[in-house]
There are 2 protein chains.
Amino acid sequence: MKKHNFYAGPSILPQYTIKNTADAILNFEGTGLSLMEVSHRSKEFVAVMDEAQQLFKDLLKIPEGYEVLFLGGGASTQFAMIPYNLMKSKSAYLNTGAWAKKALKEAKGFGEVVEVASSAEAIFNYIPKDYKIPADADYFHITTNNTIYGTEIHHDMDIDIPLIADMSSDIFSRPIDISKYALIYGGAQKNLAPSGIAFIIVRKDILGKMDRHIPTMLDYQTHIDKGSMFNTPPVVPIFAALQTLKWLRDQGGIDAIYKMNVDKAAYLYNEIDTNPMFKGTVVDKEDRSLMNICWVMAEGYEEYEKEFLDFATNKGMVGIKGHRSVGGFRASTYNALPKESIEALVACMQEFKSLKS
Amino acid sequence: MKKHNFYAGPSILPQYTIKNTADAILNFEGTGLSLMEVSHRSKEFVAVMDEAQQLFKDLLKIPEGYEVLFLGGGASTQFAMIPYNLMKSKSAYLNTGAWAKKALKEAKGFGEVVEVASSAEAIFNYIPKDYKIPADADYFHITTNNTIYGTEIHHDMDIDIPLIADMSSDIFSRPIDISKYALIYGGAQKNLAPSGIAFIIVRKDILGKMDRHIPTMLDYQTHIDKGSMFNTPPVVPIFAALQTLKWLRDQGGIDAIYKMNVDKAAYLYNEIDTNPMFKGTVVDKEDRSLMNICWVMAEGYEEYEKEFLDFATNKGMVGIKGHRSVGGFRASTYNALPKESIEALVACMQEFKSLKS
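Please read all numbers here as calculations on a predicted model, not as lab measurements.

Focus on the pairing of strand β5 (residues 140-143) of chain A
All names here are of chain A.
So, step 1. Judged by which residues are buried, β5 turns out to be covered on both faces: Phe140 and Ile142 on one side and His141 and Thr143 on the other are all buried.
So, step 2. In this structure, strand β3 (residues 90-95) lies alongside β5, joined through two bridges in parallel fashion. Pairing of Tyr93 across the sheet is with His141, part of β5.
So, step 3. When β5 meets strand β8 (residues 163-166), the two strands line up parallel, connected through four bridges. Looking at β8, one finds that Thr143 is bridged to Asp166.

Regarding the interface of chain B and chain A
So, step 1. Taken residue by residue, the interface counts 54 residues in chain B and 53 residues in chain A.
So, step 2. Regarding the contact of chain B and chain A, the summed buried area is about 4,200 Å², with carbon and sulfur atoms giving 64% of it.
So, step 3. Viewed at the interface, chain A and chain B are joined by zero salt bridges.
So, step 4. Taken together, the connections running from chain B to chain A amount to 19 residue pairs in polar contact (both at pLDDT 80 or more).
So, step 5. Those elements that place two or more of their residues in the side of chain B that touches chain A are α1 (15-26), α3 (74-86), α4 (98-107) and α6 (235-250) of chain B.
So, step 6. In terms of residues, the side of chain B that touches chain A owes the most to one element, α1(B), which gives seven residues.
So, step 7. When the residues that make up the side of chain B that touches chain A are grouped by side-chain class, the tally is 25 nonpolar, 23 polar and six charged.

With respect to the domain arrangement of chain A
Residue and element names in this part refer to chain A.
So, step 1. According to the domain assignment, chain A contains domain 1 (4-11 + 253-356) and domain 2 (15-250).
So, step 2. Using only C-alpha atoms to locate each centre, domain 1 and domain 2 end up separated by 27 Å.
So, step 3. Contacts between the two partners involve 30 residues from domain 1, matched on the other side by 29 residues from domain 2.
So, step 4. Summed over both sides, the interface between domain 1 and domain 2 buries roughly 2,400 Å², with carbon and sulfur atoms accounting for 56% of that surface.
So, step 5. Its largest share of buried area at the contact with domain 2, domain 1 owes to Ile254, Asp287 and Asn335, together 25% of the area lost on that side.
So, step 6. One salt bridge connects Lys129 with Asp284, and the closest N-O pair in it is separated by 3.8 Å.
So, step 7. Here domain 1 is connected to domain 2 by 16 residue pairs in polar contact (both at pLDDT 80 or more).
So, step 8. When residues of the side of domain 1 that touches domain 2 are traced back to their parent elements, those giving at least two are α7 (253-274) and β12 (292-297).
So, step 9. Looking at which element gives the most residues to the side of domain 1 that touches domain 2, the answer is α7, with seven residues.
So, step 10. Broken down by class, the residue content of the side of domain 1 that touches domain 2 amounts to 14 nonpolar, ten polar and six charged.

Section: a negative patch on the surface
Residue and element names in this part refer to chain A.
So, step 1. Residues Glu299, Glu302, Glu303 and Glu305 make up a contiguous surface patch of negative charge.
So, step 2. Mapped onto the secondary structure, Glu299 falls in the loop between β12 and α8 (305-314).
So, step 3. Exposure remark for Glu299: the relative accessible area of 68% places this residue in the exposed category.

Things to note about the pattern of salt bridges
All names here are of chain A.
So, step 1. Evaluated as defined, the whole model comprises 36 salt bridges over all chains.
So, step 2. Here Lys43 makes a salt bridge to Glu44, at a shortest N to O gap of 3.3 Å.
So, step 3. Assessed through its relative accessible area of 68%, Lys43 is described here as exposed.
So, step 4. Assessed through its relative accessible area of 22%, Glu44 is described here as partly exposed.
So, step 5. Taking the shortest distance from any N to any O, the salt bridge between Asp205 and Arg203 comes out at 3.0 Å.
So, step 6. A relative accessible area of 47% means that Asp205 is categorised as partly exposed.

A short note on the relation of the copies chain B and chain A
So, step 1. Here chain B sits on chain A after a turn of 180° about the axis and a move of 0.0 Å along it, with an RMSD of 0.0 Å. Such a turn and shift between the copies fits a two-fold axis.
So, step 2. Residue by residue, 98% of the interface of chain B is reproduced at the interface of chain A, so both copies engage with the same surface.

Looking at the sheet that holds strand β4 (residues 112-118) of chain A
All names here are of chain A.
So, step 1. Pairing in this open sheet of seven strands is mixed, and the strands run β2-β10-β9-β8-β5-β3-β4 from one edge to the other. Looking at which strands have only one partner, the edges of the open sheet turn out to be β2 (66-71) and β4. Averaged over all pairs of adjacent strands, the angle between their axes in this sheet comes to 20°, without regard to strand direction.
So, step 2. Relative to strand β10 (residues 198-203), β2 is paired through six bridges, and the arrangement is antiparallel. Following the sheet pairing, Leu71 is matched in β10 by Ala198.
So, step 3. Contacts between helix α3 (residues 74-86) and the sheet are confined to β2, β3, β8, β9 (183-187) and β10, with β9 contributing the most and set at about 155° to the helix.

Observations concerning the packing of helix α1 (residues 15-26) of chain A against helix α6 (residues 235-250) of chain A
Residues and elements named next belong to chain A.
So, step 1. Remark: α1 packs on α6, axes separated minimally by 9 Å, with the N-to-C direction vectors making an angle of 140°. As summarised for this structure, α1 and α6 are arranged oblique, according to the angle between their axes. Regarding α1 and α6, the two cross each other, and that crossing is right-handed. Contacts between α1 and α6 involve Tyr16, Thr17, Asn20, Thr21, Ala24 and Ile25 from the former and Val236, Phe239, Ala240, Gln243, Thr244, Lys246 and Trp247 from the latter.
So, step 2. Of the residues belonging to the contact of α1 with α6, the class tally is seven nonpolar, five polar and one charged.

Points about the side chain of Gln53(A)
Residues and elements named next belong to chain A.
So, step 1. Turning to its location among the elements, Gln53 is positioned in helix α2 (residues 43-60).
So, step 2. Looking at Gln53, its side chain comes within polar contact range of the side chain of Ser228, at 3.5 Å.
So, step 3. Setting aside anything within four residues of it in sequence, one finds Gln53 in contact with Val68, Phe70, Gly227 and Ser228.

Structural notes on the packing of aromatic side chains
So, step 1. By the definition in use, this model includes 33 aromatic pairs over all chains.
So, step 2. With a centroid separation of 5.2 Å and 65° between ring planes, the pair formed by Phe308(B) and Phe352(B) is classed as edge-to-face. Of this pair, Phe308(B) sits in helix α8 (residues 305-314) while Phe352(B) is found in helix α9 (residues 339-356), placing the two residues 44 residues apart along the sequence.
So, step 3. Phe352(B) sits in the buried class, given a relative accessible area of 1%.
So, step 4. Three or more aromatic residues joined by ring pairs form one cluster here, namely Phe278(A), Trp295(A), Tyr301(A), Tyr304(A), Phe308(A), Phe311(A), Phe329(A) and Phe352(A).
So, step 5. The cationic tip of Lys102(A) hangs over the ring face of Phe230(B); the distance from NZ or CZ to the ring centre is 4.6 Å.

Concerning the state of the cysteines
So, step 1. Considering all chains together, one arrives at zero disulfides over all chains under this definition.
So, step 2. Free of any disulfide, Cys348(A) has its nearest neighbouring cysteine sulfur in Cys294(A), separated by 18 Å.

A word on the environment of Tyr16(B)
Residue and element names in this part refer to chain B.
So, step 1. Structurally, Tyr16 is set in helix α1.
So, step 2. Here the alpha-carbon distance between Tyr16 and Ala240, two residues 224 residues apart in the chain, equals 9.5 Å.
So, step 3. Leaving out residues up to four positions away in the same chain, Tyr16 has contacts with Gln243, Lys246 and Trp247.

Quick look at the side chain of Ser341(B)
All names here are of chain B.
So, step 1. With respect to the helices and strands, Ser341 occurs in helix α9.
So, step 2. A polar atom in the side chain of Ser341 sits 2.7 Å from the side chain of His4.
So, step 3. With residues up to four places along the chain from it excluded, the contact list for Ser341 reads His4 and Phe6.

Structural notes on α2(A)
Residues and elements named next belong to chain A.
So, step 1. Given a rise of 1.5 Å per residue, 18 residues ought to cover 26 Å, and the 26 Å separating the end C-alpha atoms of α2 matches this to within 8%.
So, step 2. Turning to α2, its buried residues are Phe45, Val48, Met49, Ala52, Gln53, Leu55, Phe56, Leu59 and Leu60.
So, step 3. Looking at the buried positions of α2, the neighbouring elements they touch are β2, β10, α6 and α7.
So, step 4. Among the residues trailing α2, Lys61 stands out with phi positive, at a value near 50°.

Parameters and conventions
Residues numbered from 1 in each chain as written. Chains lettered and ligands numbered in written order. Predicted model: local features only at pLDDT ≥ 70, side-chain atom pairs only at ≥ 80, totals over all residues. Heavy atoms only, no water. Buried < 20%, exposed > 50% of the residue type's maximum accessible area, 1.4 Å probe, protein only. Helix = DSSP H or I, 4+ residues; strand = E, 2+ residues; numbered from the N terminus. Pairing = 2+ DSSP bridges. Contact = heavy atoms within 4.5 Å. Buried area = accessible area lost by both parts, 1.4 Å probe. Salt bridge = Lys/Arg side-chain N within 4 Å of Asp/Glu carboxyl O. Polar contact = N/O pair within 3.5 Å; in protein donor to acceptor, adjacent residues only side chain to side chain. Nonpolar A, V, L, I, M, F, W, Y, C, P; charged D, E, K, R; others polar. Domains from an automatic or database assignment. Patch = residues over 30% accessible without salt bridge, like charges linked within 9 Å, V, L, I, M, F, W, Y side chains within 5 Å. Areas by Shrake-Rupley, 256 points an atom, 1.4 Å probe, with all protein chains shown as cover. Lys, Arg positive; Asp, Glu negative; His and termini not counted. Charge placed at Lys NZ, Arg CZ, Asp CG, Glu CD. Least-squares fit on C-alpha atoms with pLDDT ≥ 70 in both. Axes fitted to C-alpha atoms, helices over the stretch in contact; angles between N-to-C directions. Parallel < 35°, antiparallel > 145°, perpendicular 65-115°, else oblique. Left-handed = near helix turned anticlockwise from the far one by under 90°. Phe/Tyr/Trp six-rings, centres within 6.5 Å; stacked < 30°, edge-to-face > 60°. Lys NZ or Arg CZ within 6 Å of the ring centre and 35° of its normal. Disulfide = S-S within 2.5 Å. Expected span 1.5 Å × (residues − 1).

Here it is in C-alpha cells:
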C-alpha cells in the first residue's frame, strides 16, 4: 500500500534525495567507497559542501554580508549559541509555542529576557499581534512556524533591532526577504535533510561584539572562518541537503514551491472548514501554517477521534496524530509532500463523513 | 580496481553497515518510508536507539552506574561540555597532540588548567610517562589514541582523581576496564558510524556538582534524563552505529577484534621496521598505535616520498598521505579494515623496494 508521509519531523524528503543518498552510501561519486567512509577533506566531499552552501544562498537569494553554516547539534544548540554570541544583557522573545519557549528559556542564562507577548493562554492557537519590542534589547527572537500548533508568521518583519528567526519548519517554503533578518536558523529535518544538522544564515557584522568567553564550538566566528569544517561535519545530512536543494531548484525554486504549498494547504483547509465532522484549531485564518495543518473533531463528533485515526492509518496515512498538547490531528505538508497525498487524506475525510452521516 | 580505505576518519566501515544503511534509506524496517523521513519518536526508531545503547553497553561490558549517550556536535563540543559539567576550578591534561591540545584549550575558559606533560617538542612521537597529576584537580584528561601521530596509551590508568578519556579513534579496538574512567567520549566516525554523532560513557555520580549555569544542551543530565532524545537525534548515524555494533558482536566482540587488530598492526609495523626504504615515526614501540600507523621514508630515500605515494595510490591505496605536521605516510587500520588491505599495502612497499634497489 502507498504510504503518505505526514510526519512533523523528521519528515518527508524528495525521492530524488532518498535515491541519491542511498546510491552515495554504496558508492560515492564513483570513488568505490561509501559516502560514510570518505574523508571530509577529500576533494569529492569538499565539492559537496561548497555546492550545498552556494545553492542554499542562491535559492534564498541571500545578499552579500551573510554566511551560511551547517552545524551539528540541532536547532536546540542554537537556542544557547544565539545569546552566547549576540546577547549583551537583554533580549526580547515572542512566545508562540513550545519551541519559542525553549529558546527563551536558554537566553535567561545570559541576562534579562523580555517576553513581549504570548499566546500560551489559548494553547498557542494564534500569533500575538499587538506588542512592543523594547528598543534597548540586543535582538528580537521569533519562531516563524510553530510545528505543534499549526501557526505561522507569513511576513518578514521590519523592526529597529536585530531580528532572529527560528525557521526550522518553514525555511524554503516561501520567499523570504533575508535582509530583514540578522540571523535565521533551524534544524534541517523538515524541508532539507535528515536530522543531524542545523543551518544558520548569519549577517557577519553582528558578530564579535561580546566581552564574554565563548567556547570555540559555540562561536559562530569559528565556523565562518573554517567554512563549517572546523570539526568533522555530519557528511550524510549535508550530502542529502545538497540533493534536496538541487531538487528544489529543479522544481522551479522557492517561488514555484510556494505556489504549490499555497495550493496544497488551501485544499486541505477547505476540507477542514467545510466538512462538518472537523474543525481547524487555528482561530485566525491569516495565522494558519502552510506547513503544519492542525484540526480536531467538531463538536458532537469527539467520540470518533480514535476511529478516524485508525481509518486514515489503514488507508496509508502516516503521522497524522496531533501533538498531545493540542490533540486531534496534524498533517505536515512540507515541500516534498505531493498534492496526491493531500488528495488521499481529503478523500479519507470525505469517506469517513459519508460512513458516519 | 579494488580500493583499500586507509582514511583516518571518516574512515572504513563494515560492508554490513554500509549495505544495511543504504537499504534502510530506501525502506526502513518495512515501513515503506526512508530512515531519513521517519519520526525519531516512531516505534521503529525508538527500537534502534534502545538496541544501540544496550549493545554498546554489552560489548564494552559497561558496569552499573554508567550511562551511554549519542549526541550531535562531535567530540569537539565535548571539549567544552567536559569542563562545563565537571570542572569546578582546576583540571589537568596530558598533551599528546593536536586534539589533546584543543581539549585543554577549551578547559582554560573555565579555570586553571595544568598541562602535566607534553611531547610537543618531538612532534608528539611518544607518550610522556613521568608526570605528576595534581591531587586537587577536578579531573585528569587524556587522549588515548593520537590519530595524527600514531601513538596510543594501551592501558587503563589507575589514578586517584576522575579520569576522562577521548577515545575517538580507539574505542572498541581493545578491551577496556571502564570502571577506571569517570567519562569516555569520542566522535563516532572511526570505529562506529559516519560523522555526526559523539558517544559519551559517563559515570552518573560525577554529575550535578557544579554551581554554574549550564546551557540545557550542554548539560549531560539533560540527555541522560531523555535517553539521548531531548532533541531530535541524528538518526542516520545512530542507525549505522547499531549496524557496526551488530557486526562487531558477530566478529566475536572486542576480544576477537583486538586479536585481529594486533595481528594487522604487527604485519605492517614489521614491514616498516625491516624495509630499508622506510622507518616508523614513533620512537618507543610500546607507544605505537594499533589504529593509526605512521612512517616516513628512511634516510637516503627521502626523494622517493611523492613517488611512493603515487605508486601506492595507483594500486588502490586510499588516504595514506601522512598529516602535514608529521609528513610521510599514515595507514589507519580501524576494526573494519580487512587484513587483505594491509597485505596489499605491504606488497606495495615490497614491490617499491624491489623497483628501487
